[in-house]
Amino acid sequence: RRKAQEAERSRPAITTDGHQVAIAANVNRPDSVPFALAEGAEGVGLMRTEFLFLERGDTPGEDEQEAIYRAMIEALGNKPLIVRALDIGGDKQVPHLDLPKEENPFLGVRGARLLLRRPDLLDPQLRALYRAARHGGDLSIMFPMITSAWELQRLRARCEEIRVELDAPAVPIGIMIEVPAAAVQAAALAEHADFFSIGTNDLTQYTLAIDRQNPDLAAEADSLHPAVLRLIALTVEGAKTHDRWVGVCGGLAGDPFGAALLTGLGVTELSMTPRDIPAVKARLRGASLADLQDLARRALAQPGAAEVRALDHAALDGGA
Ligand code: PEP
Ligand code: MG
C-alpha cells in the first residue's frame, strides 16, 4: 500500500490533454531532500540560502557553503537544484551582520540590493556555488528582489568573472520576479535571465501594499488578487519574447487552485512546500490545459480576489 502511494506520488503532473508541469520543492537543507522526493518532487525549485545565515551566530565560509551545496546536489541525484543567492533584509534579518537599521526594511537594502553592496557576502557564495558545479549535477543560480535590468547585468557579470577564475561550467542564471517593476518589465529582464521564478509572497505584498507579516491584513494579502494575476500574466508574456521558462516558488504554487490558475496563465514549473505536492499534482492531472487557460482568462477579468476564489467551486464542478 505504501509502495502504491509512493508510485502515485512520483507520477508526473500531466493534464488530461498531455501538458506536463514541472513540480519542485522548496527545500533549504540536504537532510530534507529525501522527504521532498518521497512526496513527489522532481527537483528543488527554491533553496533559500539565507537560512544558512539565520540559524547561527556567524557567517558560513566558502568551504562550508560548498559542502552544503554539494550535499544538496548529491541528495538530489541528477535532479535540478535552484539555489537562491542570499535574500537578507525585510523579514530576514541577520543580527550578526550588523546591517544599518532601516525605517522600511521591506523597501530597503534587501536581496540583490544588499548583494551588490556587499561583495564580502556575494563573492564567497558564488565561489562556493561554482566550486560545487565543478562536481556535476543540475545546478542553477537565482537572484532575489531584482527590480531593474542593470542589477541583473552586474550580478551576471560577477558570476562570469568567478566562473572563469574557477574554470567552472556555466550554469543557468535566473531571477525572482517579486517586485512589480520586474513583472512589468519582464521582457527587458528576459534578455539577461535564463529563467524566471515568481515569488508570489513578495509580489503580493508589493503589489497590494500590504506587509506580508501584518496579521490584521492577512486575509487581504491574497495572491489571487487579479492585480497580482495580471502581473503574472505580464511576466509570462515578457518571458516568451526570449523563450524563457517561468516558474512560481511563492505560496500560490502550493495551493491546488492557485496551481491550476498559474498553469492556465502559462507557468510551467511550480515549486512548493513538499507536503503540498500530492494535492497539487492530483489537481493538475484532473484538468485539461485548455480548461485551465479558460479559467485563467476568467480570473483575469474578475474585480477582486473573492470573485477569483469563487471560480474555484465553479471550476471544480466543471472539471478544471
Ligand atoms: C516569495 O517572495 O514568494 C518567495 C518565494 O520568497 P520568500 O518567501 O523567501 O521571500
Ligand atoms: Mg521573496
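A short tour of the structure in this document, coming up. (Residues numbered from 1 in each chain as written. Chains lettered and ligands numbered in written order. Predicted model: local features only at pLDDT ≥ 70, side-chain atom pairs only at ≥ 80, totals over all residues. Heavy atoms only, no water.)

### Brief notes about unusual backbone geometry
- For Met145, which is not a glycine, the phi torsion comes out positive at approximately 60°.
- Turning to its location among the elements, Met145 is positioned in the loop between β5 (138-143) and α7 (149-166).
- In this structure Met145 comes out as buried when scored by relative accessible area, which is 1%.
- For Asp243, which is not a glycine, the phi torsion comes out positive at approximately 60°.
- Here Asp243 shows up in the loop between α11 (226-240) and β8 (245-248). (Helix = DSSP H or I, 4+ residues; strand = E, 2+ residues; numbered from the N terminus. Buried < 20%, exposed > 50% of the residue type's maximum accessible area, 1.4 Å probe, protein only.)

### Here we look at the environment of Leu121
- Within the fold, Leu121 resides in helix α6 (residues 119-133).
- In this view, Leu121 contacts Phe53, Thr59, Leu86, Leu97 and Leu114; residues no more than four positions away in its chain are not counted. (Contact = heavy atoms within 4.5 Å.)

### Some thoughts on the coordination of the magnesium ion (ligand 2)
- At the metal site, the magnesium ion (ligand 2) is ligated by Glu178 (OE) and Asp202 (OD), and these contacts range over 2.0 to 2.1 Å. Highlighted residues: Glu178 in the loop between β6 (173-177) and α8 (180-184) and Asp202 in helix α10 (residues 200-208), separated in sequence by 24 residues.
- A relative accessible area of 2% means that Glu178 is categorised as buried.
- Classification of Asp202 as buried rests on a relative accessible area of 2%. (Donors = N, O, S within 2.8 Å, 3.2 Å for Na, K, Ca; no water.)

### Thoughts on α10
- α10 sits mainly inside the fold: seven of its nine residues count as buried.
- All buried positions along α10 are accounted for by Thr200, Asp202, Leu203, Thr204, Gln205, Tyr206 and Leu208.
- For α10, the elements touching its buried residues are β6, α8, β7 (195-198), α11 and β8.
- One or two steps after α10, the chain reaches Ala209, where phi turns positive at roughly 55°.

### Quick notes on empty space enclosed by the protein
- In the structure shown here, the tally under the stated rule is one cavity of 30 Å³ or more.
- In terms of lining, the largest cavity is formed by Leu46, Arg48, Arg84, Lys92, Met176, Glu178, Gly199, Asn201, Asp202, Arg212, Cys249 and Gly250.
- Elements with a minimum of two residues in the lining of the largest cavity: β3 (44-48) and α10.
- Considering only residue class, the lining of the largest cavity consists of three nonpolar, three polar and six charged. (1 Å grid on protein atoms, 1.4 Å probe; cavity = no way out; pocket = protein on both sides within 12 Å on 5 of 7 lines; lining within 4 Å. Points joined across faces, edges and corners; volume = space filled by probe spheres on them. Nonpolar A, V, L, I, M, F, W, Y, C, P; charged D, E, K, R; others polar.)

### A short note on the site of ligand 1
- Taken together, 15 residues are adjacent to ligand 1, and Arg48, Arg84, Lys92, Asn201 and Arg212 come closest.
- At 3.4 Å, a backbone N or O of Gly199 approaches an oxygen atom of ligand 1.
- Here an oxygen atom of ligand 1 sits 2.7 Å away from a polar atom, N or O, in the main chain of Asn201.
- For ligand 1, whose unbound accessible area comes to 290 Å², protein coverage reaches 99%.
- Judged by the proximity of its atoms to the pocket grid, ligand 1 belongs to the largest cavity.
- Secondary structure elements with two or more residues in the shell around ligand 1: β3 and α10. (Near = heavy atom within 4 Å. Polar contact = N/O pair within 3.5 Å; in protein donor to acceptor, adjacent residues only side chain to side chain. Areas by Shrake-Rupley, 256 points an atom, 1.4 Å probe, with all protein chains shown as cover. Sits in = over half its atoms within 2 Å of the grid points.)

The quantities given are spatial measurements derived from coordinates; they are silent on function.
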